[in-house]
Amino acid sequence: MVQNFIDGSVQPVSPARPGEPGGGVLELIDPATGKRRGEVAGATAGDVDRAVAAARAAFPAWSAMAASKRSEILLRLADLIDGNLDELAKAECLDSGKPIFVCRSVDIPRSAANFRYFAQAVLHTTGQWHQYDGAGVQGARPAMNFTLRSPRGVAGLISPWNLPLYLLTWKIAPALATGNTAVCKPSELTPTTATMLAELGNAAGLPPGVLNIVHGTGQPVGSGIVTHPDVPTVSFTGSTGVGKWIAREAGDRLKRVSLELGGKNPFVVYADADLDVAAETACRAMFSNQGQICLCGSRLVVHKSVKEAFLQRLLAHVAAIRPGDPMEPATRYGTLISQAHREKVERYVAVARELGGRVLCGGERPQADALPPRVRGGFYYLPTIIDGLAPDCAVEQEEIFGPVVSVQSFEDDEQAVALANGTSYGLAASIWTRDLQRAHRAAAEIHAGIVWVNCWMVRDLRTPFGGAKQSGVGREGGMEAINFFTEPKNVCVGL
Ligand code: NAD
């Protein structure tokens, strides 16, 4: 049973009451087997209130603590994450169906890195000051301005299922390092590592109430955090639809929000690209985590003259992907998160076929006998590439968030950028060319929060992270996160 964690301890399950949302328990399904494997507590509005009250009570002492002391505690937490790598990776694998190899090498190490980075970053910030000379304003005195930054209070942190601990700690680390306290809600599908983290927080020396975890569905738990009058800051990663709802609710209450939302990212291959390296990277960019990373390239945009040569290379890499038992260390391709999500993916592939799309690979579940017996009931879907669709159809425009990629081709640079920009999303793009000027031009013209040139998913934690257009509002990472979680106050001293 995965329990809520409030004010420094795990909590008994609040009973479900007729007519009141939340309470009781939610079933956890193992995506690799399709079988029930446990339960998670469903928080009630009362649990959210208790978590916010605990965070509020902990705020004065935590925010007043020397930054270096907070940093020490968070660095200890990072070490404890490393020390519990096996248990955390196993829990993440069971919750999400992603390969244990990925959990051990990416998800959990990055969670520790998030704490390490922000615990140290807050010790090396610089301030702002402005000397005012009063020139041009009659009677004005000269003055000196400096800007203080203070933590904002209780931060509401809400995260999705695709990178559970990785993305939640990407929010918790800057929030806590800057002196805020937090009420967090992981996805109801992948809750386990959040409560484990909170327990490690105790061992690291986090005072009770600094880090609280409430579990359950968007309504009433996520919405309860978003609308709570004592939560002035909300950081959300998830779908664009929910993000818009949060923006409306937060707008009404004048809260500060950061919204990291969906994507439909182009992977652009110019005729002069190194096709071998690009194809190898494209395969990873498209099908890592079974295509369930917001940064995955889901639209291949390739120059007509190299389309066939590139596809040949890409399809050879994809053919080598073998779905397997996520718990086996050799497995590199696991399952989708749920039956419902696989059905959504299947609906898009059916629409693509109806629209005349040519399925170049995949387009179906793996044959049962291609899977180890233990996982034959799992939510697997093969890596799928579809050619021949019109760029404005639903399959090309809407986020599928699974292992489905469409192919578009272009004849000149202008058309490449137009196709790259041709959806309502603007999260990330990966462009491949050996021509430096072309790369700079395209990077400037592509409307996205992140452009990778001749690489993908290279993540320096100091850089701004986030999306343009329907992919979000605000940025995480580096100083962006430190600024987001702090309130600037300008102090003007007349001279
Ligand atoms: P989701 O929007 O359904 O849920 C995300 C989180 O919000 C979950 O914890 C959920 O319980 C909660 N939630 C749902 N309704 C809510 C409400 N009304 N108020 C508050 N919280 C609510 O998304 P998901 O299916 O869990 O995740 C997949 C989506 O996340 C995809 O669209 C993907 O692109 C996006 N994503 C974006 C990034 C990014 O950095 N831009 C990273 C990862 C995932």
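Residues numbered from 1 in each chain as written. Predicted model: local features only at pLDDT ≥ 70, side-chain atom pairs only at ≥ 80, totals over all residues. Heavy atoms only, no water.

*Asks:* Explanation requested: the site of the ligand in the structure shown.
*Replies:* Around the ligand, 30 residues are found, and the nearest of them are Ser159, Glu188, Ser239, Leu261 and Glu399. Glu188 has a polar side-chain atom sitting 2.7 Å from an oxygen atom of the ligand. The contact in question runs from a nitrogen atom of the ligand to an N or O atom on the backbone of Ser223, over 3.4 Å. Coverage of the ligand by the protein amounts to 89% of the 850 Å² it exposes when considered alone. If you list the elements that add at least two residues to the shell around the ligand, you get α7 (218-227), β10 (233-237) and α8 (240-252). A per-element tally of the shell around the ligand places α7 first, with five residues. (Near = heavy atom within 4 Å. Polar contact = N/O pair within 3.5 Å; in protein donor to acceptor, adjacent residues only side chain to side chain. Areas by Shrake-Rupley, 256 points an atom, 1.4 Å probe, with all protein chains shown as cover. Helix = DSSP H or I, 4+ residues; strand = E, 2+ residues; numbered from the N terminus.)

*Asks:* For this particular structure, what's the right way to read the packing of aromatic side chains?
*Replies:* For any pair of aromatic rings, the description rests on two quantities: the centre-to-centre distance and the angle between the ring planes. In this structure the tally under the stated criterion is eight aromatic pairs. Here Phe267 and Trp432 contribute two aromatic rings whose centre-to-centre distance is 5.7 Å and whose plane-to-plane angle is 25°, an arrangement assigned as stacked. Pair noted here: Phe267 is in strand β12 (residues 265-269) and Trp432 is in strand β18 (residues 428-432), with a separation of 165 residues, a long-range link. Exposure class is identical for Phe267 and Trp432. Each is buried. Plain terms: the ring middles of Phe484 and Phe485 are 4.9 Å apart, the flat faces sit at 80° to each other, and that makes the pair edge-to-face. By relative accessible area, which is 11% here, Phe484 ends up buried. (Phe/Tyr/Trp six-rings, centres within 6.5 Å; stacked < 30°, edge-to-face > 60°. Buried < 20%, exposed > 50% of the residue type's maximum accessible area, 1.4 Å probe, protein only.)

*Asks:* What am I meant to see in the environment of Arg475 here?
*Replies:* With respect to the helices, strands and loops of the structure, Arg475 is situated in the loop between β21 (472-473) and α15 (478-484). Sequence separation between Arg475 and Ser258 is 217 residues, and the spatial gap between their C-alpha atoms is 6.9 Å. Discounting residues that sit within four places of it in the chain, Arg475 has contacts with Glu260, Gly449, Pro464, Phe465, Gly466, Gly467, Ala468, Glu480 and Ala481. There is a polar contact of 2.9 Å between the side chain of Arg475 and the backbone oxygen of Gly467. (Contact = heavy atoms within 4.5 Å.)

*Asks:* I keep staring at the domain arrangement of the protein and nothing clicks. Help me out?
*Replies:* Often the size quoted for an interface is simply the accessible area lost on bringing the parts together. When cut into domains, the protein gives domain 1 (4-261 + 472-494) and domain 2 (266-460). Using C-alpha coordinates to define each centre, domain 1 is positioned 31 Å away from domain 2. Each side of the interface is counted separately: domain 1 has 27 residues, and domain 2 has 29 residues. Counting across the domain 1 and domain 2 interface gives zero salt bridges. (Domains from an automatic or database assignment. Salt bridge = Lys/Arg side-chain N within 4 Å of Asp/Glu carboxyl O.)

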